[in-house]
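# Examining the three-dimensional arrangement
Listed here are the chains, written in short residue letters.
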Amino acid sequence: QVQLVESGGGLVQPGGSLRLSCEASGSIFRLNIMGWYRQAPGKERELVATITSAGSTNYADSVKGRFAISRDNAKNTVYLQIDSLKPEDTGVYYCNLRTAIGGVSSWGQGTQVTVSS
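Owing to the predicted nature of the structure, the values given are computational and were not obtained by experimental measurement. (Residues numbered from 1 in each chain as written. Predicted model: local features only at pLDDT ≥ 70, side-chain atom pairs only at ≥ 80, totals over all residues. Heavy atoms only, no water.)

### Considerations on the pattern of salt bridges
A side chain of one charge can pair with a side chain of the opposite charge when the charged atoms of the two come close. With the rule as written, the count across this model stands at four salt bridges. D89 serves as the salt-bridge partner of R38, at 2.9 Å between the closest nitrogen and oxygen. Of this pair, R38 sits in strand β4 (residues 32-39) while D89 sits in the loop between β8 (77-82) and β9 (91-99), placing them 51 residues apart in sequence. Of the residues examined, R38 reaches a relative accessible area of 7% and is grouped as buried. For the salt bridge of D89 with R66, the shortest nitrogen-to-oxygen distance reads 2.7 Å. Taken together, the residues span a long stretch of sequence, with D89 in the loop between β8 and β9 and R66 in the loop between β6 (57-59) and β7 (67-72) at a distance of 23 residues. In this pair, the class of D89 matches that of R66, namely buried. Where salt bridges share partners, they join R38, E46, R66 and D89 into one cluster. (Salt bridge = Lys/Arg side-chain N within 4 Å of Asp/Glu carboxyl O. Helix = DSSP H or I, 4+ residues; strand = E, 2+ residues; numbered from the N terminus. Buried < 20%, exposed > 50% of the residue type's maximum accessible area, 1.4 Å probe, protein only.)

What follows is the structure, given as structure tokens:
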């Protein structure tokens, strides 16, 4: 089993920045894809960004240029740098790890990001 623990959420004013972290532990398959998803109130969970164990990234169009995903494989940790935050970025941000073979997916408990003045 894989455990994922997110941190770094909070309340921030529009235009501000946050850095989310997610540390994975347990039985981690070396080849995997880690990512961030978010869920706004009353909406479905959506992809924000993913990064493979080799470092290839993918972003939702709505966050390109403002969000940056990175990872430290030695620490089994993925990061999400969020800049130029907008009120519509508000939501619960979930960390995900999916094995590259078999597609087994694990989720964190989520961290709240609120963008408000």
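### Describing the packing of aromatic side chains
Scanning all chains against the criterion turns up one aromatic pair. Ring geometry for Y37 and W107: centres 5.0 Å apart, planes at 70°, overall edge-to-face. Placement of the pair is Y37 in strand β4 and W107 in strand β10 (residues 105-107), with a sequence separation of 70 residues. Take Y37: its relative accessible area is 19%, and that puts it in the buried class. The exposure class assigned to W107 is partly exposed, which follows from its relative accessible area of 38%. One cation-aromatic arrangement involves R19 over Y79; the distance from NZ or CZ to the ring centre is 4.1 Å. In this arrangement the basic side chain of R45 is found over the ring face of W107, its NZ or CZ atom lying 4.6 Å from the centre. (Phe/Tyr/Trp six-rings, centres within 6.5 Å; stacked < 30°, edge-to-face > 60°. Lys NZ or Arg CZ within 6 Å of the ring centre and 35° of its normal.)

### Considering the pairing of β7
Burial of the side chains of β7 is restricted to one face: F67, I69 and R71 are buried, whereas none of A68, S70 and D72 on the reverse face is. Sheet analysis places β7 next to β8, joined by six bridges and oriented antiparallel. Note that in β8 the partner of D72 across the bridge is T77. Linking β7 to β8, which pair antiparallel, is a turn of four residues; within it N76 sits at a positive phi near 50°. (Pairing = 2+ DSSP bridges.)

### Notes on the pairing of β8
Extensive coverage of β8 is indicated by the burial of five of its six residues. Note that strand β3 (residues 18-26) and β8 share six bridges and pair antiparallel. Within β8, the residue paired with R19 across the bridge is Q81.

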